[in-house]
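Listed below are the residues making up each chain.
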Amino acid sequence: MVLALLVSGVVVALVVVGLFVFGLRRRLIQRSGGTFDCSLRWDPPSGESEPSGKGWVYGVARYNGDRVEWFRVFSYAPRPRRILERASIEVLERRTPKGEEELALLSDAVVLACRHGGTRLELAMSDDALTGFLAWLEAAPPGQRVNVA
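On a predicted model such as this, the values are computed, not experimentally measured, just so you know.

1. Some thoughts on the packing of aromatic side chains
Phase 1 of the analysis: Applying the stated criterion across every chain, the model contains four aromatic pairs.
Phase 2 of the analysis: With centroids separated by 5.4 Å and ring planes inclined at 45 degrees, the aromatic side chains of Tyr63 and Trp136 adopt a geometry described as tilted. One end of the pair, Tyr63, is in strand β3 (residues 59–64); the other, Trp136, is in helix α3 (residues 127–138), with 73 residues separating them in the sequence.
Phase 3 of the analysis: Residue Tyr63 is classed as partly exposed on the basis of its relative accessible area of 22%.
Phase 4 of the analysis: Three or more aromatic residues joined by ring pairs make a cluster, and in this case those are Phe36, Tyr63, Phe133 and Trp136.
Phase 5 of the analysis: One residue, Arg82, lies across the ring of Trp42, its end atom 4.0 Å from the ring centre.

2. Overview of helix α1 (residues 2–30)
Phase 1 of the analysis: The end-to-end C-alpha distance of α1, which contains 29 residues, comes to 42 Å, matching closely the 42 Å that a straight helix rising 1.5 Å per residue would cover.
Phase 2 of the analysis: Those residues of α1 lying buried are Gly18, Arg25 and Ile29.
Phase 3 of the analysis: Against β1 (35–37), β3 and β4 (67–72) lie the buried residues of α1.

3. Some details on the sheet that holds strand β7 (residues 110–116)
Phase 1 of the analysis: Sheet architecture is open: four strands sit in the order β2-β8-β7-β6, paired in antiparallel fashion. What marks the edges here is a single partner per strand, and that holds for β2 (39–42) and β6 (89–95). Averaged over all pairs of adjacent strands, the angle between strand axes in this sheet comes to 25 degrees, irrespective of strand direction.
Phase 2 of the analysis: Pairing analysis gives four bridges linking β2 to strand β8 (residues 119–125), with the strands arranged antiparallel. The residue bridging Leu40 from the neighbouring strand is Leu123, located in β8.
Phase 3 of the analysis: Strands in contact with α3 are β6, β7 and β8; relative to β6, the strand with the most contacts, it is inclined by about 150 degrees.

4. What to know about the UniProt feature "transmembrane region" (unreviewed entry) in the protein
Phase 1 of the analysis: If you check UniProt for "transmembrane region" (unreviewed entry), the listed places come out as residues 6–24 in our numbering.
Phase 2 of the analysis: Structurally, residues 6–24 is divided into 100% helix and 0% strand, and its ends, taken at the C-alpha atoms, are 27 Å apart.

Each value, and the rule that gives it
Residues numbered from 1 in each chain as written. Predicted model: local features only at pLDDT ≥ 70, side-chain atom pairs only at ≥ 80, totals over all residues. Heavy atoms only, no water. Phe/Tyr/Trp six-rings, centres within 6.5 Å; stacked < 30°, edge-to-face > 60°. Helix = DSSP H or I, 4+ residues; strand = E, 2+ residues; numbered from the N terminus. Buried < 20%, exposed > 50% of the residue type's maximum accessible area, 1.4 Å probe, protein only. Lys NZ or Arg CZ within 6 Å of the ring centre and 35° of its normal. Expected span 1.5 Å × (residues − 1). Contact = heavy atoms within 4.5 Å. Pairing = 2+ DSSP bridges. Axes fitted to C-alpha atoms, helices over the stretch in contact; angles between N-to-C directions. UniProt positions renumbered as here; feature names shortened; annotations may be inferred.

See below:
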């Protein structure tokens, strides 16, 4: 009985420490400012008439100079999972979530289909975050080519 209580206490303590570390990591990512909630779907299947909700990963994006660093929310990694260079981002289309995507994304999300280098990706963010993201793209230094549809 004592052993079961001890094991239960250790499990609860580990869960609390894990949740604390998630919160601390997010706080450290957001400390420098310029962050927004952003779901990402890397290399989605093209030509779907009804997009599925598969492949979306919830994350936090942070502006850092001429790039956006994207971090998974449910990760302990201190480094960004993806780095998007401003000069390599080409916006293809903007749309609202369809079908199963509505369940996979936040309620007020707008989907932005892009190409980064040669890879297609989709970003889902709030309307306010989208306005800021598009303004950041268009505010490229003189001489840089930016493709915003």
